[in-house]
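Topology and contacts: notes
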Amino acid sequence: MEFKIINVVYEIAFKTEAMMAEITPTVEVECPRKMALIGSLHVDNHELLPSFRISMEEGNNTVTLKSVKIFNPGSGDYRMDLKLSRNGVDYQKDSSAITVRKTCP
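Attention shifts here to the overall build of the protein. When you go through the protein residue by residue, the secondary structure sums to zero helices and eight strands. In sequence order, the secondary structure elements of the protein are arranged as β-β-β-β-β-β-β-β. Out of the 105 residues belonging to the protein, those deemed buried represent 38%. Summed over its atoms, the accessible surface of the protein is roughly 6100 Å², and 45% of this surface lies on carbon and sulfur atoms.

See below:
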């Protein structure tokens, strides 16, 4: 096993004064040894969190990634695709649908 994505949680915070939703992903990854991973986050097939590198230790790792912002969000579902790779080519992908309820005027 190279590594395994165990879980991804998306925390959603609304900023009504800025009319935006701020989405913060937290990923749990199991690694057989210390390693660096390359990743990216796509929202509805748009890369909102470009390539990043995270260091992992042997065992279970939980990492909070940089937040992404959706301005003037509509109510409904957004497709979140988190991709992680050791070599930048062979990716493991976690796909989730999150629901954003519009609270902005």
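Next comes the rest of the write-up.
If you walk through the whole model with that rule in mind, you get four salt bridges. Close ionic contact of Glu22 with Lys15 constitutes a salt bridge, the shortest N to O distance being 3.9 Å. Bridged by salt links that share partners, the residues Glu2, Arg33 and Arg86 form one connected network.

What follows is about the pairing of strand β7 (residues 76–85). Both strand β3 (residues 35–43) and β7 contribute to a ladder of six bridges, which runs antiparallel. What sits directly across from Ile38, in β7, is Ser85. Where β7 and strand β8 (residues 91–100) come together, ten bridges link them in antiparallel fashion. Looking at β8, one finds that Leu82 is bridged to Asp94. Between β7 and β8, which pair antiparallel in sequence order, lie five residues; one of them, Gly88, sits at a positive phi of approximately 80°.

What follows covers the pairing of strand β4 (residues 46–56). One ladder, built from eight bridges, connects β3 with β4; its direction is antiparallel. Bridging across to β4, Gly39 finds its partner in Phe52. Adjacent in sequence and paired antiparallel, β3 and β4 are bridged by two residues, among which Asp44 carries a positive phi angle near 50°.

You will see that Asn45, though not glycine, has its phi angle at about 65°, which is positive. Inspection of the secondary structure assignment puts Asn45 in the loop between β3 and β4. Within the chain, Asn72 stands out as a residue other than glycine whose phi angle is a positive 50°. Structurally, the position occupied by Asn72 is in the loop between β6 (68–71) and β7.

Let's shift gears to the sheet that holds β7. Taken in spatial order, the four strands make up an open sheet running β4-β3-β7-β8, and their pairing is antiparallel. In the strand order of this sheet, the two ends are held by β4 and β8, each with one partner. Going from strand to strand, the sheet's axes swing by 20° on average, the running direction of each strand aside.

About the cut-offs
Residues numbered from 1 in each chain as written. Predicted model: local features only at pLDDT ≥ 70, side-chain atom pairs only at ≥ 80, totals over all residues. Heavy atoms only, no water. Helix = DSSP H or I, 4+ residues; strand = E, 2+ residues; numbered from the N terminus. Buried < 20%, exposed > 50% of the residue type's maximum accessible area, 1.4 Å probe, protein only. Areas by Shrake-Rupley, 256 points an atom, 1.4 Å probe, with all protein chains shown as cover. Salt bridge = Lys/Arg side-chain N within 4 Å of Asp/Glu carboxyl O. Pairing = 2+ DSSP bridges. Axes fitted to C-alpha atoms, helices over the stretch in contact; angles between N-to-C directions.

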